[in-house]
Amino acid sequence: MTQIRYTRNLFLRGICVVYLFAFASFYIQIPGLYGENGVLPARTQLENKGRSLASNLQTKPTLLWLAPYIGLDTEYMMDVLALMGMFLAFTGFTSQKFCTVPILFGLWSLYYSLYQVGQTFMWYQWDILLLEAGALCILVAPLRYQVQSRRRPLPPSPSDPVSFWLVRWLLFRLMFASGVVKLTSGCPTWWGLTALSVHFESQCLPTPLAWYAHHLPEWFLKLCTAHASIMEVGLPILFFFPNRFVRYTGFFLQLFLQVCIILTGNYNFFNLLTMCLCISLLDDEYFRAIPHKKNSSAGTSRRMYYASQLINFLVHFLVLYASVVLFNIRLTPNNTLDLNIAFTKQEFDWALSKALPAVIYVGLSSLTIHILKAVMLSVLEPQTTSAKITTLLSTIFYSAAAMFIFGISIVPFSTLHPVGNTTVIPAMREWHSRLDHLHLTNSYGLFRRMTGVGGRPEVIIVGSNNMEGPWKEYNFLYKPGNVNNTPPFVAPHQPRLDWQMWFAALGTYHQNPWLMSLTYRLLTGQKEVLNLLDKARNPFPVKPPKYIKANLYHYHYTPWSQRWTGGSWWTREEVREYFPIYSRDHAPLLDYLRNLKILPEKGTPVPSSKVNFVAKSVLDNLRFFVSHVEASVLLWSIFMAGCVIIATKSTSQPSRK
């Protein structure tokens with residue numbers, strides 16, 4: 001059986017990096033989003049009502065219930081959990097010895113605890129993807145770190161490939177579902193291959209390179225749209241191909257897709273997490289082959305190596321040929337490409353009804369083969385009888401866990417088409433329902449429909465001290481507002497308020513009740529919330545305005561010629577009023593916030609908790625220091641510090657002969 005120990009270790013350390021970015025980004029925003037004076041105070045999610053700790057944990061499993069037992073309130077406890085997550089993730093990133101089950105279970109528990117009170121600001125697919133990937137890491141990671149020497153390397157565990165296979169299955173479900181939902185949605189931009197002509201302009205937080213990508217030739221953008229569909233729908237099934245070189249090629253193709261997304265859009269840690277999942281397509285043979293390119297067969301005969309490469313070439317040639325046929329790609333007299341989807345929606349629906357059960361059975365067969373190999377290896381491995389029994393029992397346990405997780409993962413995956421219901425065993429559906437709150441398996445599907453076809457919608461909040469004006473605009477740190485502002489590079493940080501403003505622009509303020517809380521916090525000048533905005537350009541630096549309202553605008557990128565002459569990145573036109581004028585003492589607004597428990601009832605004092613003085617001082621001083629560093633700079637600084645530690649440890653170790 002192919003060894004995957006080094007590959008597994010690389011994956012686990014990559015996940016620790018993702019956790020590090022996720023916890024650090026979240027920590028920065030806690031006071032403004034979840035503090036007592038934040039947009040959605042976390043305390044509203046933890047109604048004690050005199051219940052016991054055990055009862056509270058059963059109702060809403062989160063470590064935040066422990067806050068009063070250690071002398072903290074909810075906000076400071078969130079600080080502690082985020083900082084603990086950063087610390088554990090940093091140790092796992094810098095040292096392999098900390099990539100063990102206890103550490104990774106701690107990371108998952110901490111992030112899950114924060115997710116439980118995250119409300120709308122954490123209802124993103126990458127948050128549940130991190131929870132699912134983090135849960136798999138608990139199975140993938142070793143129970144404890146074992147020191148190995150070059151003279152006597154540790155024998156591979158037969159169950160390692162079985163548990164690591166689940167990561168590949170998660171990657172497959174993520175990519176395949178994300179591609180399928182684009183076509184099943186019936187979105188005309190995906191079916192017309194014009195999605196990327198809209199996407200670079202309408203995505204949540206574009207980078208500067210997105211402006212240039214938007215102005216690429218139309219035929220090239222259509223080709224890129226077709227390429228995205230092929231990468232997400234056609235190629236993922238090859239993740240289970242028995243030829244390792246096919247999987248290696250799939251790794252680089254998926255890596256290329258993620259890099260392109262990173263360059264043109266700020267999707268926080270999502271692309272880095274996806275790249276970590278792609279590591280499951282590799283094995284230790286790949287890394288052994290790198291220093292010996294002349295002997296890249298890695299122990300197999302040269303003839304077998306060339307045969308494997310030939311199979312790899314033929315497989316991807318067939319994929320290329322099928323792509324040309326299915327997307328009707330042809331060369332025009334102008335030496336450009338013309339293409340369109342050559343199949344109908346009905347034909348795709350029929351193909352999906354056949355393909356969905358097939359890929360589930362392919363996954364089941366692949367997992368079964370891995371399990372059988374693991375069991376055989378644990379039986380045939382030369383070792384003492386007691387060690388052999390222990391190894392066999394361990395293999396059976398991990399195999400049963402893998403088969404169970406595979407079974408419940410089919411439940412959300414089968415929703416891609418009604419025919420998928422026939423592949424779900426009723427018992428698995430019941431177990432998935434019981435465990436659904438833990439997000440061990442989830443359904444995915446990104447960019448189901450392309451928004452912003454008629455112009456990118458943006459909510460612009462303005463304030464004034466007079467109802468007649470003048471109205472001054474609030475500037476956010478990262479989302480488009482001022483047409484002259486350069487789109488930023490902000491990933492892996494996720495400014496969650498900026499993201500929610502993008503979603504709010506797609507609907508109404510009635511569908512986004514948190515907007516009313518944001519409005520009230522601006523009317524009262526809450527510094528915690530103002531810290532989430534651009535303080536340097538605060539239109540009311542001394543005293544908050546008496547009135548606030550919001551207007552809806554449509555944004556477009558400036559034409560290629562205007563960008564170089566006028567200096568603007570955007571043009572915009574006002575569409576309509578988004579929400580009406582509110583004042584600080586507006587009775588309906590106050591009643592609305594009281595109903596949401598964001599504000600206390602009339603005549604009721606604000607609930608307060610006794611906070612340990614020493615802990616409060618330490619946490620406040622740390623918060624003061626962090627608040628003076630820009631978020632993305634802070635995240636990359638922590639990452640670079642970890643890289644320096646790794647490099648220092650590597651150079652300080654004595655060479656072994």
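Residues numbered from 1 in each chain as written. Predicted model: local features only at pLDDT ≥ 70, side-chain atom pairs only at ≥ 80, totals over all residues. Heavy atoms only, no water.

J.: How should I be thinking about the packing of helix H1 (residues 5-34) against helix H12 (residues 270-278) in this particular structure?
T.: Pairs of packed helices are described in terms of their axes, by the angle between the two and the distance that separates them. Between H1 and H12, whose axes approach to 9 Å, the crossing angle comes to 170°. It follows that H1 is roughly antiparallel to H12 by the angle criterion. For the pair H1 and H12, contact is made by Phe 11, Gly 14, Ile 15, Val 18 and Phe 21 and by Leu 272, Leu 273, Cys 276 and Leu 277, respectively. Of the residues contributing to the contact of H1 with H12, the split by class is 8 nonpolar, 1 polar and no charged. (Axes fitted to C-alpha atoms, helices over the stretch in contact; angles between N-to-C directions. Helix = DSSP H or I, 4+ residues; strand = E, 2+ residues; numbered from the N terminus. Parallel < 35°, antiparallel > 145°, perpendicular 65-115°, else oblique. Contact = heavy atoms within 4.5 Å. Nonpolar A, V, L, I, M, F, W, Y, C, P; charged D, E, K, R; others polar.)

J.: Which parts of the structure should I look at to understand the packing of helix H5 (residues 125-140) against helix H6 (residues 160-184)?
T.: Close contact between H5 and H6 brings their axes to 8 Å; oriented N to C, the two are set at 165°. What the angle tells us is that H5 and H6 run roughly antiparallel. By crossing handedness, the relation of H5 to H6 is classed as right-handed. Judged by residue contacts, Leu 129, Glu 132, Ala 133, Leu 136, Leu 139 and Val 140 of H5 engage Ser 163, Phe 164, Leu 166, Val 167, Leu 170, Arg 173 and Leu 174 from H6. For the contact of H5 with H6, the class distribution of residues is 10 nonpolar, 1 polar and 2 charged. (Left-handed = near helix turned anticlockwise from the far one by under 90°.)

J.: Explain the sheet that holds strand E5 (residues 547-557) here, please?
T.: Whenever strands of a sheet pair, they do so through backbone hydrogen bonds, lying parallel or antiparallel. Spatial ordering of the open sheet is given by E4-E3-E5-E6, a layout of 4 strands whose pairing is antiparallel. Two strands bound the open sheet, and with one partner strand each, they are strand E4 (472-473) and strand E6 (570-583). In this structure, strand E3 (residues 456-464) lies alongside E4, joined through 2 bridges in antiparallel fashion. Note that in E4 the partner of Val 462 across the bridge is Glu 473. In the packing of helix H8 (residues 195-202) onto the sheet, the strands contacted are E3, E5 and E6, and the crossing angle to E5 comes to about 140°. (Pairing = 2+ DSSP bridges.)

Nothing here speaks to function; it is all geometry.
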